[in-house]
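A look at the structure
Below, each chain spelled out in residue letters.
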Amino acid sequence: MTISVQYFAILREQRGLTEERLNTAATTPAALYEELKARHAFSLPSNRIRAAINDEFVAPTALLREGDRVVFIPPVAGG
Amino acid sequence: MFKISSEPFDPASLQRVLAEARAGACVTFEGWVRNHNEGQAVQSLEYEAYAPLAVKEGERILAEAHEKYALLGAVCVHRVGHLRLGDLAVWVGVTAEHRGAAFDACRYIIDEAKARVPIWKKEHYATGSTAWINAATRGEHATPDARPPG
């Protein structure tokens, strides 16, 4: 399945880009994060990351669908 | 109205947006870039937002404030980009008939925005090092029940 992933903040820096399209066998944001964390040595553990699909927060166990745009959200720090 | 702004903005013009004859109270909050954090000398701050979701979540917070408190208006604008010491990073303004609701709602909006809106802050220190705030590898994801101070 082809998914696009957008990166922000510390994940953007650790990945070295802002967006990519990739093929994955992962069926949930949680599984996809683990796959990418292992590949790119992301420092944040999955329990500190939230996920969004197509600009809405989702549970880590939500089902991914072909063409989804996924964002992994590190702990926020506005204000 | 919740907005992400990549340019400096004028609080006075936002306050005029809130003006209306029924309002007896206007409470505003300004978050400024300060020169220190947790013992380190800070030289500047970078803010980054996941804008589409930041605006959605920000609008949800403003709607919650309207449900919880007797408000007439509520506005929040958050900067992104590289900010210098003293720069305005976030502005919240609320109006109500009476001051109690206005104070409470202003506090609610800034606290929830800091805890929930996908905006990130990178501190640049006098030593030359940098750090993404709250991005240590241990700890909880920020939630409305576990707010960092500040």
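Preceding block: the structure.
Thresholds applied
Residues numbered from 1 in each chain as written. Chains lettered and ligands numbered in written order. Predicted model: local features only at pLDDT ≥ 70, side-chain atom pairs only at ≥ 80, totals over all residues. Heavy atoms only, no water. Helix = DSSP H or I, 4+ residues; strand = E, 2+ residues; numbered from the N terminus. Rg over C-alpha atoms; globule rule 2.2 N^0.38 Å. Buried < 20%, exposed > 50% of the residue type's maximum accessible area, 1.4 Å probe, protein only. Contact = heavy atoms within 4.5 Å. Areas by Shrake-Rupley, 256 points an atom, 1.4 Å probe, with all protein chains shown as cover. Pairing = 2+ DSSP bridges. Axes fitted to C-alpha atoms, helices over the stretch in contact; angles between N-to-C directions. Polar contact = N/O pair within 3.5 Å; in protein donor to acceptor, adjacent residues only side chain to side chain.

Across its full length, chain A holds two helices and five strands. In chain A, the succession of α and β elements from N to C terminus is β-α-β-α-β-β-β. Over its C-alpha atoms chain A spans a radius of gyration of 11 Å, differing by no more than 12% from the 12 Å that the globule rule assigns to 79 residues. Each principal axis of the C-alpha distribution contributes one length, and for chain A these read about 35 × 25 × 20 Å. The buried share of chain A, taken over its 79 residues, is 52%. Taking as baseline every contact in chain A between residues at least 6 positions apart, the subset at least 24 positions apart corresponds to 50%. As displayed, chain A offers around 3,500 Å² of accessible surface, 49% of which is attributable to carbon and sulfur atoms.

Let's shift gears to the sheet that holds strand S2 (residues 19-23) of chain A. Sheet architecture is open: five strands sit in the order S2-S1-S5-S3-S4 (chain A), paired in mixed fashion. Both outer strands of the open sheet, S2 and strand S4 (56-58) of chain A, are each paired with one neighbouring strand and no more. With strand direction ignored, the average angle separating the axes of adjacent strands in the sheet is 35°. Bridge analysis of strand S1 (residues 2-6) of chain A against S2(A) gives five bridges, and the strand direction is antiparallel. Across the sheet, Thr2(A) pairs through a bridge with Asn23(A), a residue of S2(A). Seen against the sheet, helix H2 (residues 51-68) of chain B touches strand S3 (50-53), S4 and strand S5 (69-73) of chain A and runs at an angle of roughly 85° to S4(A).

Once that is clear, we can look at the sheet that holds strand S5 (residues 71-79) of chain B. All names here are of chain B. Read from one edge to the other, the open sheet built from four strands follows the order S1-S5-S7-S2, with strand pairing classed as mixed. Sheet topology places strand S1 (2-5) and strand S2 (25-32) at the edges, where each strand pairs with a single neighbour. The sheet shows a mean angle of 10° between the axes of neighbouring strands, taken without regard to direction. Direction of pairing for S2 relative to strand S7 (residues 88-96): antiparallel, over a ladder of eight bridges. Bridged to Glu-30 within S7 is Trp-91. Taken strand by strand, helix H3 (residues 99-116) contacts S2, S5 and S7, and its axis lies near 150° from that of S7.

By the element assignment, Glu48(B) lies in strand S4 (residues 40-49). A distance of 2.6 Å separates the side chain of Glu48(B) from the side chain of Arg12(A), its partner in a polar contact. Apart from the residues lying within four places of it in its own chain, the contact partners of Glu48(B) are Tyr7(A), Phe8(A), Ala9(A), Arg12(A), Val80(B), Pro118(B), Ile119(B), Trp120(B) and Trp132(B).

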